Structures are given as structure tokens and as C-alpha cells.
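Understanding the architecture of this molecule
Listed below, chain by chain, are the residues.
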Amino acid sequence: MMSIAGLSRRALRARFLELRASAFVDGRPVPFESLSVRAMNFGQHWRTPDVPLISYSLELPGAYFVAFLAEPGQLPALIEDTRRFPEPTEALDRALIDADFPGAAEAVKNPILARELARFFAHEALLRWLGDGPPELEPGFVLNSVDEVLLGPTGLLLEGQGRTSGITVAYQDV
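These remarks concern the structure in this document. Nothing here was measured: the structure is a model prediction, and the numbers come from that model.

With that out of the way, let us pick up the side chain of Ser165. For Ser165, the location among the structural elements is in the loop between strand E8 (155-164) and strand E9 (171-172). Exposure remark for Ser165: the relative accessible area of 12% places this residue in the buried category. Of the polar contacts made by the side chain of Ser165, one reaches the side chain of Glu138; its length is 2.6 Å. Ignoring anything within four residues of it in the chain, the contact list for Ser165 reads Pro135, Glu138, Gly140, Phe141 and Val142.

Moving on, we come to the nonpolar core. Of all hydrophobic cores here, the largest spans 43 residues; its most connected members are Leu35, Leu58, Tyr64, Leu75, Leu117, Leu130 and Leu143. In contact with Leu117, other than residues within four places in its own chain, are Phe65, Leu69, Leu75, Leu78, Leu92 and Ala107.

At Phe121, helix H6 (residues 111-130) shows its largest bend, some 60 degrees. Taken from the residues just after H6, Gly131 is the one with a positive phi, measuring 90 degrees.

Turning our attention to the pairing of strand E1 (residues 22-25). Covered by surrounding structure in E1 are Ala23 and Val25 only, the residues Ser22 and Phe24 on the alternate face being uncovered. Examined bridge by bridge, E1 and strand E5 (residues 53-61) share four bridges and lie antiparallel to one another. When the bridges of E5 are listed, Val25 appears paired with Tyr56. Here E1 pairs with strand E2 (residues 28-29) via two bridges, running antiparallel. Note on E2: the bridge partner recorded for Val25 is Arg28. Linking E1 to E2, which pair antiparallel, is a turn of two residues; within it Asp26 sits at a positive phi near 50 degrees.

Two side chains with opposite charge may pair up if their charged atoms get near one another. Scanning the model with the defined rule gives eight salt bridges in all. Notably, a salt bridge pairs Arg13 with Glu136, separated by 2.7 Å at the nearest N-O pair. Of the two residues, Arg13 sits in helix H1 (residues 9-15) while Glu136 sits in the loop between H6 and strand E6 (141-143), which places them 123 residues apart along the sequence. Across the pair Glu106 and Lys109 runs a salt bridge whose closest N-O atoms are separated by 3.4 Å. Here the salt bridges do not stand alone but share partners, grouping Arg9, Arg10, Arg13, Glu33 and Glu136 into one network.

On to unusual backbone geometry. As a rule of thumb, non-glycine residues mostly have phi less than zero, and peptide bonds are mostly trans rather than cis. In this structure, the amide linkage connecting Glu138 to the following residue, Pro139, adopts the cis form with an omega of 0 degrees. Looking at the element boundaries, Pro139 is found in the loop between H6 and E6. Although it is not a glycine, Asp26 sits at a positive phi angle of roughly 50 degrees. Residue placement: Asp26 occurs in the loop between E1 and E2. Of the residues examined, Asp26 reaches a relative accessible area of 41% and is grouped as partly exposed. Non-glycine residue Asp100 carries a positive phi angle of around 65 degrees.

Conventions and cut-offs
- Residues numbered from 1 in each chain as written.
- Predicted model: local features only at pLDDT ≥ 70, side-chain atom pairs only at ≥ 80, totals over all residues.
- Heavy atoms only, no water.
- Helix = DSSP H or I, 4+ residues; strand = E, 2+ residues; numbered from the N terminus.
- Buried < 20%, exposed > 50% of the residue type's maximum accessible area, 1.4 Å probe, protein only.
- Polar contact = N/O pair within 3.5 Å; in protein donor to acceptor, adjacent residues only side chain to side chain.
- Contact = heavy atoms within 4.5 Å.
- Core = buried A, V, L, I, M, F, W, Y, C linked by side-chain atoms within 4.5 Å.
- Bend = angle between axes of the 7 residues up to and from the residue.
- Pairing = 2+ DSSP bridges.
- Salt bridge = Lys/Arg side-chain N within 4 Å of Asp/Glu carboxyl O.

Okay, structure coming up:
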């Protein structure tokens, strides 16, 4: 398994360049360099009035998602936590227990577990792929939600909303 620990977002994307990956904003293709994700305030509403919203859809390579899951702070940490403090009523914990705590490569082959892992790790995987802060290219877009998640045969499919970059906004948790 290929390690992605310590790679910058640019080096990370270059590692998976030959694999299928795509990004669209309002239905138009955009380079990944024009996108970013905020670690703080993700999913919060804007206090600033009339922030123009954009819709995005993107696909991250499946091999990237497996490598991401395999990193020590991701699936291994989740498995350790679930073994120590299982919550059998939680769908993700139940899926991990039922699958007997597989590694990343096996986990994504289990349809139920793969779905739960994709939902649970969507924001973190997106943040790692795109980075926090302003986009590398302008005009750019700051993604603010993950509303739809699907782990498909070729990759992690994500859809949500964001805003154009380069404008100052205030957030609120409502």
C-alpha cells in the first residue's frame, strides 16, 4: 500500500494523476487547484448577506481513498476506538464489527462498510486532497458542505455547495 503521509496537496494529487479524478462547479469542469476546503466552519451558514453559492461535484480516485483510509490516523484509529468503545447502535461501528475490522483495501470491497466509511471520512478526505485556505488558482471556489457521498467503482463521488473565493465572509453556526 502506498503511503501518502506528509505529501502536500499538489504532490498528493500528482501521485494519483493517472487515475480518474474530476471536478465540476455549476456543471463546468474546473482544475482541482481552483478548489479548497475550510477546516474550520465547514458546513456552517454565512452571516455575510448574499454570498453567492456554487454547487460542486467531484470524484477523488478510489486508490487515493484507500491510501487515505490506511493512514494511521484514519481507519486504524477508528478501528482501535471502535474496539475499545463499541457503539453497536451506530451504523459505522456495526459495519466495522460485522466485517471483523478489515484493513482499508478490504473495507472498500464491503458495500455496507464502504458506504459508511465514505460518509464518515468524506470531509477529511476532501480536505486532504484540496487543502485548507485559499485555492492555488483564481478564480477559485471554497467548498463548504458535503451533501451527497458515494463510493463508486472508480472513486469517491462528492457533491455539495460552496462559494467563490476572494471575498470576505463571516460564518455562523445555525
